[in-house]
Amino acid sequence: AGLCAQNWVESDRWDGRYAIAIATDISDAPFEVIFSVGAACTAALYYPDAPLPHHSHRASCILHRFDFFKPVGWFHMGPVVDGKYSIDAYMNCVDACYQTLKHKMNGRPLLGITDYNVFHTGGGYHVVKKAFERCIRAEDPKTKADVRERYVQEKLLPSVNLLKIIGPCHTVSSFLNISSVVMTKWEEALGKILLVFTYGSGCASSMYQLRFDDMAWFDPLAVWKVKQFYRNAIHVSPDLRLHQVYIDTWMKFDYRPHGRISFGFGYDSYELDAYYLLEIDPWGRRFYHRGGMRTGPMNRKIMNSTALNYDKVENRHTREHFGQLPPNGEAWEKQENKEEKAARSLEDTWREIEHEMTFEPEVEVDGAPSVVAEKVSQGRTLVVREIGAPDDDDDEEGAETSYQIVGTWTAMREPQQMSKAASGAFTYEVTLGTNGWEQFYLLRNNSWSKKIYPAVHKSWKDMPCVGPHKGRERQMCWQLSGRPGWDLPGEDEAPVGSRFCITFTPGQVKRLTWEKLEEEPQKISDDATYQILGSWSCFDPQEMTPDPSRPGVHFAEVQCNRLGLKFHFLRNQDYCQNLAPVVEEGYGTLYSAVAPIGQQNAGRLWQIEAQDGEVYRIELHRSVDDPSEISVRWQKVDSRPSQVVEDRYFLVGSFNRWGYAFEPFELTLNGDALEAEVQVQSLPLKFQIIENMVEDQRLYPDDKDCGSEEHQVCGPEAQTREWCWSLGSGVCSVGETVTV
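Described below are features of the structure shown in this document. Bear in mind that the values here come from a model prediction, so they are computed numbers and not experimental data.

### A word on the overall build of the protein chain
Thought 1: The number of helices and strands found in the protein chain is 12 helices and 39 strands.
Thought 2: Pairs at least 24 apart in sequence give 62% of the contacts found in the protein chain among residues at least 6 apart.
Thought 3: Surface accessibility of the protein chain: about 41400 Å² in total, with carbon and sulfur atoms responsible for 50%.

Written as structure tokens, this is what we have:
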């Protein structure tokens, strides 16, 4: 469509109108291969003197291939695919287009005269990289490895930033990857040449060049993520099978979608300007409604009279048939005035985010309120009730305000003083450690109850700041990462040892940013300590011993008891620097890869199948030359009589993110009972008791959200969080300490 639009605009039949080429597609697959799922739609505008014109020659290749197609009556949403056959067809087209275009350009090396490369994406980044390396070999089979890697970094990677976020999207991919170059490079691309390879299974392909004559207007990549991609995103767990509901609609008749209800999403998850499937009738016809179940019926005054007639003649179900209509007939919640929304400044939005995160919106009231003051005036009674005491202000009157930074380079334990600049901003220079990333938050006046942190965990720079505040149950941190990846702007990519300057500007709207310093990276050695946390000791951290004869190796000897051998690691006793296996479910084995430090979810563990009394030496290897290379090994070294292990009990609940805040509240013996103290941070206070820190060994009441002393204690066994003790304001208040 794009090439046809281009031909028309360039032809003598062009009548002065602009052309739009629309590409839309989905890469659809069942849950087992959800990594190959993606969807996108693009509209490309063609007109004279465009900022990104077609340049020089074009080459095409069309081959007859039965690849990636659906036979008549095909039973499945996915097409017929032969992986190797599909790749061969794709690569054959790459070769043919490359050689043809090179011939048209009198044998000139294409990669030598182009600055960026875009490839159609049918199966993810790895296919794109293979195609690019194939072109490198075609140009010079003797190209050295360091030159190939430089080509990949400079010519290919700018085109795949959106691909790594969205995933494969077939027809749209070449337009999407062109957009990625524009959004990543902006003015750096002016005057440069872009080589594009497009492809469609079956198969047909073309290769052509574009030239950056002007800046094509796009938001920069980092801004786009916030304004567009994450705009109305719905957070779901990677293991949620919501996508499978869509897969199952293939060839369905007499069917109503149920994914939103089945997975517990409200009406507010719908977009008002999108069309949603409401029904597939017994004849296979699909009926959609703008806004879905969130909106009322369409305005019949603006509807086509023919369509209204068909609704009656064919007995089509209208919106009223599918469930309760909104009270106002428009939407289930009050709609914000678009003009007012457009007029709001970025600062106003940031203040709203900070206020929402700092102040609790709901306060539970049980029974009669605790009256602080009462006043009667003109027949009205004013009652003032205390709902919680504010934090004590530790700022000395007249004292100059200072700011400190707390980061992973000190294991989140020691505040470091920030320097005050003449502009009033505060700065701190940090060196990227062996992890390739650092996390941090700020303190005001060295007070741990006056933290300044981002609105989202692992936030990038130039995003809303919250505080000073005591913090939330989960400490939010900024993450400064030099690792190449889809979730970072390109200017942050840097090797280990690079230095960055962090700048915090206080004020009514606080701002935090950073920039890379133009210095040579320092040589960094890993002098950290490592701890192993295992089931045999209820996951108490146990220091590992460095092996003096093998740099980069730490080891610990552990004995199997009745609690088994399940474990993970920490670096510098910092739970932000967790080391865990790469597993989707179950436990890691001797052959499991180690996830990059801090990237794997809590709860992922290695497991050694051992007998009581067996002693194993567990080793953690981290390469001195390349700290990203980490491996775990173990071997049996002895067998001894098994130690007697007493059961231990821990509180998990709303006060420690149900155990994921890594703050164990162990119940200790006091007389003839086990006790633990918990400070009430918010109401209601909910908790369960977990035995030996084993997830499926929970003690809980025989009633959901139990607040009565008249109950039975159940377990230990697996149970959901709803079956818990729940203490409201009739039992305790915010700020008090409760003994369980």
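### Re unusual backbone geometry
Thought 1: In this structure, Pro468 follows Gly467 across a cis peptide bond, with omega equal to 0°.
Thought 2: As for its placement among the helices and strands, Pro468 is situated in strand E17 (residues 465–469).
Thought 3: For the bond from Gly715 to Pro716, the omega torsion is 5°, close enough to zero to count as cis.
Thought 4: Relative to the assigned elements, Pro716 resides in strand E37 (residues 713–717).
Thought 5: We note that Ser56 has phi near 65°; this positive angle belongs to a residue other than glycine.
Thought 6: Residue position: Ser56 is located in strand E3 (residues 54–62).

### Regarding the packing of aromatic side chains
Each pair of aromatic rings is reported with the distance of its centres and the angle of its planes.
Thought 1: One pass over the full model with this rule turns up 22 aromatic pairs.
Thought 2: The interplanar angle of 75° and the centroid separation of 6.3 Å between the aromatic rings of Phe119 and Phe132 together place this pair among those described as edge-to-face. Here Phe132 lies in helix H3 (residues 125–139) and Phe119 lies in strand E4 (residues 116–119), a separation of 13 residues in the sequence. Phe132 shares its class with Phe119; the two are buried.
Thought 3: Seen in terms of ring centroids, Phe567 and Phe569 are 5.6 Å apart; in terms of plane orientation they differ by 75°. Their pairing is edge-to-face.

### A short note on the sheet that holds strand E5 (residues 193–200)
Thought 1: With mixed pairing, 4 strands are arranged side by side in an open sheet as E3-E6-E5-E4. The sheet terminates laterally at E3 and E4, the two strands that pair on one side only. Looking at each pair of strands side by side, their axes are set apart by 10° on average, direction ignored.
Thought 2: Summarising the sheet, E5 and strand E6 (residues 204–211) pair through 8 bridges and their orientation is antiparallel. Looking across to E6, one finds that Ile193 is bridged to Arg211.
Thought 3: Contacts from helix H1 (residues 2–10) reach E3 and E6 within the one sheet, and its direction differs from that of E3 by about 135°.

### Brief notes about empty space enclosed by the protein
Thought 1: This model, assessed by the stated rule, comprises 2 cavities of 30 Å³ or more.
Thought 2: Of the voids in this model, the largest cavity is the one considered here, and its volume is about 60 Å³.
Thought 3: Every residue lining the largest cavity is listed: Val182, Trp186, Ala189, Leu190, Phe212, Asp214, Met215 and Ala216.

### Regarding the sheet that holds strand E28 (residues 614–622)
Thought 1: Taken in spatial order, the 4 strands line up as E23-E24-E28-E29 in an open sheet, and their pairing is antiparallel. Two strands bound the open sheet, and with one partner strand each, they are strand E23 (545–546) and strand E29 (630–639).
Thought 2: Where strand E24 (residues 553–559) meets E28, 7 bridges bridge the pair, whose relative direction is antiparallel. When the sheet's bridge partners are listed, Ala556 is paired in E28 with Ile618.

### Some points on the packing of helix H2 (residues 83–104) against H3
Thought 1: At a minimum axis distance of 10 Å, the contact between H2 and H3 shows a crossing angle of 40°. Judged by the inter-axis angle, H2 sits oblique to H3. Note on packing geometry: the crossing formed by H2 with H3 is right-handed. Across the interface between the two elements, Ile87, Tyr90, Met91, Val94, Asp95, Tyr98, Gln99 and Lys102 from H2 touch Val127, Lys130, Ala131, Arg134, Cys135, Ala138 and Glu139 from H3.
Thought 2: The residue makeup of the contact of H2 with H3, split by class, is 9 nonpolar, 1 polar and 5 charged.

### A word on the pattern of salt bridges
Thought 1: The tally for this structure, following the rule as stated, stands at 25 salt bridges.
Thought 2: As a salt-bridge pair, Asp526 and Arg571 come within 3.0 Å of each other at their nearest N and O atoms. Taken together, the residues span a long stretch of sequence, with Asp526 in the loop between strand E20 (511–516) and strand E21 (530–534) and Arg571 in strand E25 (residues 565–571) at a distance of 45 residues.
Thought 3: Across the pair Arg648 and Asp540 runs a salt bridge, and its minimum N-O distance is 2.9 Å. Of this pair, Arg648 sits in the loop between E29 and strand E30 (649–653) while Asp540 sits in the loop between E21 and strand E22 (541–543), and the two are 108 residues apart along the sequence.
Thought 4: Of the residues examined, Asp540 reaches a relative accessible area of 30% and is grouped as partly exposed.

### Notes on the packing of H3 against helix H4 (residues 145–156)
Thought 1: Where H3 meets H4, the axes come as close as 11 Å, and the angle between the chain directions of the two elements is 120°. Considered as vectors, H3 and H4 are oriented oblique to each other. Relative to H4, H3 is oriented so that their crossing is right-handed. Here H3 contributes Tyr125, Val128, Lys129, Phe132 and Ile136 to the contact with H4, which in turn contributes Arg148, Tyr151, Val152, Lys155 and Leu156.
Thought 2: When the residues that make up the contact of H3 with H4 are grouped by side-chain class, the tally is 7 nonpolar, no polar and 3 charged.

### Some words on a nonpolar patch on the surface
Thought 1: A surface patch of nonpolar side chains, amounting to about 440 Å² of accessible area, comprises Tyr18, Ile20, Ile22 and Leu45.
Thought 2: Note that Tyr18 resides in the loop between H1 and strand E1 (19–27).

### Concerning the layout of surface pockets
If you roll a probe as big as a water molecule over the atoms, it shows you where there is empty space left.
Thought 1: Within this model, the second largest pocket holds a volume of roughly 930 Å³.
Thought 2: If you trace the second largest pocket, you find 35 residues lining it, with Ser27, Phe68, Val81, Gly122 and His170 closest to the centre.
Thought 3: Contributions of two or more residues to the lining of the second largest pocket are made by E1, H2, H3 and E5.
Thought 4: The greatest single-element share of the lining of the second largest pocket, amounting to 4 residues, is contributed by H2.
Thought 5: Its residues placed into classes, the lining of the second largest pocket shows 16 nonpolar, 15 polar and 4 charged.

### Overview of helix H7 (residues 221–229)
Thought 1: Residues of H7 that are buried include every one of Leu221, Trp224 and Lys225, and no others. Projected down its long axis, H7 shows its buried positions confined to an angular sector of 105°, all on one face.
Thought 2: On its buried face, H7 is in contact with helix H5 (161–166) and helix H6 (173–185).

Reading guide: rules and limits
Residues numbered from 1 in each chain as written. Predicted model: local features only at pLDDT ≥ 70, side-chain atom pairs only at ≥ 80, totals over all residues. Heavy atoms only, no water. Helix = DSSP H or I, 4+ residues; strand = E, 2+ residues; numbered from the N terminus. Contact = heavy atoms within 4.5 Å. Areas by Shrake-Rupley, 256 points an atom, 1.4 Å probe, with all protein chains shown as cover. Phe/Tyr/Trp six-rings, centres within 6.5 Å; stacked < 30°, edge-to-face > 60°. Buried < 20%, exposed > 50% of the residue type's maximum accessible area, 1.4 Å probe, protein only. Pairing = 2+ DSSP bridges. Axes fitted to C-alpha atoms, helices over the stretch in contact; angles between N-to-C directions. 1 Å grid on protein atoms, 1.4 Å probe; cavity = no way out; pocket = protein on both sides within 12 Å on 5 of 7 lines; lining within 4 Å. Points joined across faces, edges and corners; volume = space filled by probe spheres on them. Parallel < 35°, antiparallel > 145°, perpendicular 65-115°, else oblique. Left-handed = near helix turned anticlockwise from the far one by under 90°. Nonpolar A, V, L, I, M, F, W, Y, C, P; charged D, E, K, R; others polar. Salt bridge = Lys/Arg side-chain N within 4 Å of Asp/Glu carboxyl O. Patch = residues over 30% accessible without salt bridge, like charges linked within 9 Å, V, L, I, M, F, W, Y side chains within 5 Å. Arc of directions from axis to C-beta.

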